[in-house]
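# Architecture at a glance
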Amino acid sequence: MRTAEIRRRWLEFFEQRGHTVVPSSSLISPDPSTLFVIAGMVPFIPYMLGQQTPPWQRATSVQKCVRTLDIEEVGKTTRHGTFFQMNGNFSFGDYFKEGAVRYAWELVTGSQAEGGYGFDPDSIWVTVYHDDDEAARLWRTIAGLPEERIQRRGKKDNYWHTGQPGPAGPCSEIYVDRGPAYGADGGPVVDEDRFLEIWNLVFMQYAIDQVRAKDDFEVVGDLAQRNIDTGMGLERVAYLLQGVDNLYEIDEVFPVIATAQEMTGKRYGADQGDDVRMRVVADHVRSSLMLIGDGITPSNEGRGYVLRRLLRRSVRAMRLLGVDEPALPTLLPVSKDAMGESYPDLVSDFDRISRIAYAEEEAFRRTLVAGTTILDTAVTQVKTAGGSTLGGEQAFALHDTYGFPIDLTLEMAAEQGLTVDEQGFRDLMTAQRERARADAKAKKGGQAGTTVYRELLDAGVTEFTGYTELTTPSTVRGLLRGGEQVTAAVEGETVDVVLERTPFYAESGGQDSDAGVITADGARLEVLDVQRPVKGLVVHTVKVASGEITGGAEVLAQVDPEWRLGARQAHSGTHVVHAALREVLGPQALQSGSYNKPGYLRLDFSWHEALSASARSEVEEVTNRAIRQDLGVAWQYMTLPEAKEWGAIALFGETYDDQVRVVEIGGPWSRELCGGTHVDHSSQIGLVALTSESSVGSGSRRVEAVVGIEAFHHLARERALVSALTDALKVRPEELPDRVAGVVARLREAEKELAALRQAQLLAGAATLAEGAARVGPARVVAHTAGAVASVDDLRTLALDVRGRLGEEAAVVAVAGVAKDRPVVLVATNAAARDAGLRAGQLARAAAQVLGGGGGGKDDVAQGGGTDTGAIPAALDAVRSAVGGA
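Along the backbone of the protein there are 26 helices and 35 strands. With the C-alpha coordinates aligned to their principal axes, the bounding extent of the protein is approximately 105 × 70 × 55 Å. For the protein, the proportion of its 886 residues judged to be buried stands at 50%. Contacts in the protein between residues far apart in sequence, at least 24 positions, make up 67% of those at least 6 positions apart. Of the accessible surface of the protein, which amounts to about 38500 Å², a share of 49% is contributed by carbon and sulfur atoms. Between the mean site of the 92 positive side-chain charges and the mean site of the 123 negative ones, the protein shows a separation of 4 Å.

Here is the structure:
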């Protein structure tokens, strides 16, 4: 049975039993504390916690999930994978344990002819939480399972939660006995390879917090209603029903392995190391396909970094399998074909997906070249110094700067007979992660833990009034300082304020938060920031400018009208620029991220190359023509499927409720899902001036622009600059480019002449320097201070010229100078000096240490530098001493 058919049967079975089919949400987690959706129930957490009223009592879905905590284990076993699909059925205050058990038994053991999966009832075992007598009884009465096939386990195995504060409860797991060929008898408590878990029925009853481990957490109360959350691993069921041994051999994964066999000439199953690499390729190519499909692009942080790592690990695995040419153009279409039946959007969007993936592979191939050069240099330095271990800081630099995976560094160092200080590398990685965590905690919205927010949210969501008014009477629901609730705050303090109602827009959807004030009897609060740390709750970070504010106080929340006008102009301007890009470049130029605030907008979009000057100019013109046409701006609410059918663009990286707000400018010309604030007519935007266009990663570009009065100021400054230049150069504005080009050309010629004169002046003394070489130990030495020089190249030219004049006798030339206010030393040795054990790199390092810096290079020519220009004479003495001690 094909995986897509297993998926179809699941949805059809539960739809026939009153469940609403809910499409899979994006892989991007709605929870800011996690990168990806890691379980099928994640999109339903607000309903389980009672934070939102579910639009249905019963639901079913097949949710896309990604877990990357054990990415290093992928391929080493057949159990680990990053992307997977979780079949789920959910009840929100409707049926509970009995219904969940009954539905599961019907679907698992029902005949395939009647829409079931057809597992032999005698092969089914289940586990229940150790004191869940009710669940055990239901398995006996509904399924007729004997007591010995109902096993009881503790919290580690049969109590489910996401690993984060939230809903939780005891669970019951369903296992299939694969037979004695796979392990010992005795049920799941004896062998979970033979007895394979396929379905987990979670009886959600409690809210938990302070999660320290899977079996170590605090139950903080009952959920508002009892819920059912089940999860069936689609891939596991697929390999059982397809008669293969593991997830890598199912129909949605194995075609990539088969293609890798063709490309490499290697046979899967013949060599354990090659098998691991092929599994890495199959898993990572599929995961990358799905992540890019959901709008994630490679980058050096967050989700983009995970994607980059997956793509580069797959490319590297193919390299180790002997494939040096680009691999993704062959492998990615195979994965698309395998997954396309279940996810048709992958087929229709493959042009964009493939461009991003192929660009990242090409970038990594260049990285391999650059990183290999750096690694070779580092290896040479270690060997020259008589060492056998590449330092952790060097391995970390390769990883952090060049994207070199540590395992690639280990492999390539080993090929040259060196080990790597792995512990030093991992210590630096740990330090970097800790800095990142500290930065994340310091970011907006990270002031308090989820418990205090949940307590405030229990009183209801914050009502946002800002679409229709800028001033709203309200009540202080809570005050927070340092993540803890307080009763009052006085003048000079900065605190977080939660209101019952607010006109302040919380930063989201690319739009910056509003500015303004909150006033109460005798108190004035300046609003510094507004965030939604949890869905439904608006938190205002304020500074108490005067008076005292207390919990429960009646207040007046007032948005700065000038700020809001600028924010509306910038956000509507972002939509117009996006529509202009799509009109000029084509529909594939889709927005992938944005940020806007009064007077400024930034928009990232999918595109594979820099915009030409003419394309950029055309985008700007289309934008401003649309503004001049005074297009109407309107918005309305509808369901997400209705919005997509209407042609509204759902932007990548955003998560949406079932009811969405669609903003249109000029009707279908610009129609997007958006919760931001907007102008009423496009002419109110005023003016948009593009200020820059740049790359922000493989397959992604960024345009920046100023908006409204800021655009006018920008153009006024440019006009003043042009006026100043025309006055200075005595030309008309239209003649300015040619005149500036002529001035620049003459300046370059003058610089060339000056460089030639400087070099001639330096070299004029080369013969005298050579004649004055002094005998030091085994070599003749020239140690010379050249004074101020344009660049280190001048020193290199002089040192090589002097070395050439010293003949074949052992000679060392050290020339020092000051380039760009920093001391530099250049050391050159001839063949006879090197035979005598004198290495330019070692001598340059000796000089650089005196200068307060570092140095190195090849044995024949090397350079060093530092910060102390006054130490140049001592640095040259250090070279003489090193030569004399050889």
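That shown, we press on.
Further remarks concern the packing of aromatic side chains. Overall, the coordinates contain 24 aromatic pairs when judged by the stated rule. Taking the centre distance of 6.1 Å and the plane angle of 70° together, the rings of F254 and Y268 count as edge-to-face. With F254 in helix α7 (residues 254-264) and Y268 in the loop between α7 and α8 (272-293), the pair connects residues that are 14 residues apart, well separated along the chain. F254 sits in the partly exposed class, given a relative accessible area of 27%. The exposure class assigned to Y268 is buried, which follows from its relative accessible area of 15%. Feature note: the residues W10, F13, F14, Y95, Y103 and W199 constitute an aromatic cluster, connected by ring pairs. Over the face of the ring belonging to Y343 we find R7, whose NZ or CZ atom lies 5.1 Å from the ring centre. Of note, K336 hangs over the ring of F350, and the distance from its end group to the ring centre comes to 5.0 Å.

Let us look at the sheet that holds strand β26 (residues 659-665). Strand order in the open sheet formed by three strands is β25-β26-β27, and the pairing between neighbours is antiparallel. Two strands in the sheet have a free side with no partner beyond their single neighbour: β25 (633-639) and β27 (670-673). Adjacent strand axes in the sheet meet at a mean angle of 25°, parallel and antiparallel pairs treated alike. Across four bridges, β26 lies against β27 in antiparallel orientation.

What follows concerns the side chain of H575. Mapping H575 onto the fold places it in helix α17 (residues 561-585). Those residues in contact with H575 that sit more than four places away from it in its chain are V663, I665, S670, E672, C674 and H678.

Let us now look at the nonpolar core. With 107 residues, the main nonpolar core has W10, F119, W139, I198 and W199 as its most contacted residues. Counting 28 residues, the second largest nonpolar core, distinct from the first, contains A580, V622, L631 and V688.

The next subject is helix α3 (residues 97-109). Across its 13 residues, α3 extends 18 Å between first and last C-alpha, which sits within 8% of the 18 Å expected from 1.5 Å per residue. α3 sits mainly inside the fold: 10 of its 13 residues count as buried. When we look at burial in α3, the residues that qualify are K97, G99, A100, V101, Y103, A104, W105, L107, V108 and T109.

Along the chain, K64 falls in strand β2 (residues 58-66). Side chain to side chain, K64 and D294 meet in a polar contact 2.9 Å long. Other than its neighbours up to four places away in sequence, K64 contacts S24, S25, L27, V37, F83, F84, M290, D294 and Y343.

With that settled, the discussion passes to the pairing of strand β24 (residues 600-606). With six of seven residues buried, β24 is to be regarded as a mostly interior element. Pairing geometry for strand β23 (residues 591-597) and β24, over six bridges, is antiparallel. Pairing of Y595 across the sheet is with R602, part of β24. Between β23 and β24, which pair antiparallel in sequence order, lie two residues; one of them, G599, sits at a positive phi of approximately 90°. Of the pairings in the sheet, the one linking β24 to strand β29 (residues 700-707) comprises seven bridges and is antiparallel in character. From the neighbouring strand, L603 faces β29, where its bridge partner is V703.

One non-glycine residue with positive phi stands out, namely K730, at about 60°. In this structure, K730 sits in the loop between α20 (709-729) and α21 (736-764). In this structure K730 comes out as exposed when scored by relative accessible area, which is 71%. Positive phi is not limited to glycine here, since K820 has a value of about 55°. The topology assignment puts K820 in the loop between β32 (811-819) and β33 (822-829).

Turning our eyes to something else, we now look at the packing of helix α1 (residues 3-15) against helix α6 (residues 234-241). Direction vectors running N to C along α1 and α6 enclose 120°, while the axes themselves pass 9 Å from each other. As judged from the angle between their axes, α1 and α6 are oblique. Of the two elements, α1 crosses α6, and the hand of that crossing is right-handed. Across from T3, I6 and R7 in α1, the residues of α6 making contact are L234, V237, A238 and L241.

Applying the stated rule across the entire model yields 46 salt bridges. One salt bridge connects R477 with E500, and the closest N-O pair in it is separated by 2.9 Å. Taken as a pair, R477 in strand β13 (residues 471-481) and E500 in the loop between β16 (494-499) and β17 (501-502) lie far apart in primary sequence, 23 residues in all. Three or more residues are tied together by salt bridges with common partners; here these are E5, R8, R9 and E12.

Another point: the environment of V382. Along the polypeptide, V382 turns up in helix α12 (residues 350-384). With 36 residues separating them along the chain, V382 and L418 place their C-alpha atoms 8.7 Å apart. V382 has contacts with G387, S388, T389, L390, Q394 and L418, leaving out every residue within four places of it along the chain.

With mixed pairing, six strands are arranged side by side in an open sheet as β30-β31-β32-β33-β35-β34. With one partner strand each, in any of the chains shown, β30 (774-776) and β34 (855-857) form the two edges of the open sheet. Sheet twist, expressed as the average angle between the axes of neighbouring strands with direction ignored, equals 25°. The strands that helix α23 (residues 792-805) touches are β31 (779-789), β32, β33 and β35 (861-865); relative to β33, the one it contacts most, it runs at about 25°.

Turning our attention to the packing of helix α25 (residues 840-851) against helix α26 (residues 872-884). Running from N to C, α25 and α26 point in directions that differ by 145°, and their axes come no closer than 8 Å. For the pair α25 and α26, the sense of crossing is right-handed. Counted together, L843, A846, A847, V850 and L851 of α25 and I872, A874, A875, A878, V879, A882 and V883 of α26 form the full contact between these two elements. Counted by class, the contact of α25 with α26 contains 12 nonpolar, no polar and no charged residues.

So, about the confidence of the model for the protein. For the protein, per-residue confidence averages 89 on the pLDDT scale, and residues scoring 70 or more make up 95% of the total. This stretch, residues 443-447, has a pLDDT under 50; its non-local contacts, to residues over four places away or in other chains, come to 13 contacts.

What counts and how
Residues numbered from 1 in each chain as written. Predicted model: local features only at pLDDT ≥ 70, side-chain atom pairs only at ≥ 80, totals over all residues. Heavy atoms only, no water. Helix = DSSP H or I, 4+ residues; strand = E, 2+ residues; numbered from the N terminus. Buried < 20%, exposed > 50% of the residue type's maximum accessible area, 1.4 Å probe, protein only. Contact = heavy atoms within 4.5 Å. Areas by Shrake-Rupley, 256 points an atom, 1.4 Å probe, with all protein chains shown as cover. Lys, Arg positive; Asp, Glu negative; His and termini not counted. Charge placed at Lys NZ, Arg CZ, Asp CG, Glu CD. Phe/Tyr/Trp six-rings, centres within 6.5 Å; stacked < 30°, edge-to-face > 60°. Lys NZ or Arg CZ within 6 Å of the ring centre and 35° of its normal. Pairing = 2+ DSSP bridges. Axes fitted to C-alpha atoms, helices over the stretch in contact; angles between N-to-C directions. Core = buried A, V, L, I, M, F, W, Y, C linked by side-chain atoms within 4.5 Å. Expected span 1.5 Å × (residues − 1). Polar contact = N/O pair within 3.5 Å; in protein donor to acceptor, adjacent residues only side chain to side chain. Parallel < 35°, antiparallel > 145°, perpendicular 65-115°, else oblique. Left-handed = near helix turned anticlockwise from the far one by under 90°. Salt bridge = Lys/Arg side-chain N within 4 Å of Asp/Glu carboxyl O. Nonpolar A, V, L, I, M, F, W, Y, C, P; charged D, E, K, R; others polar. pLDDT = per-residue confidence, 0-100.

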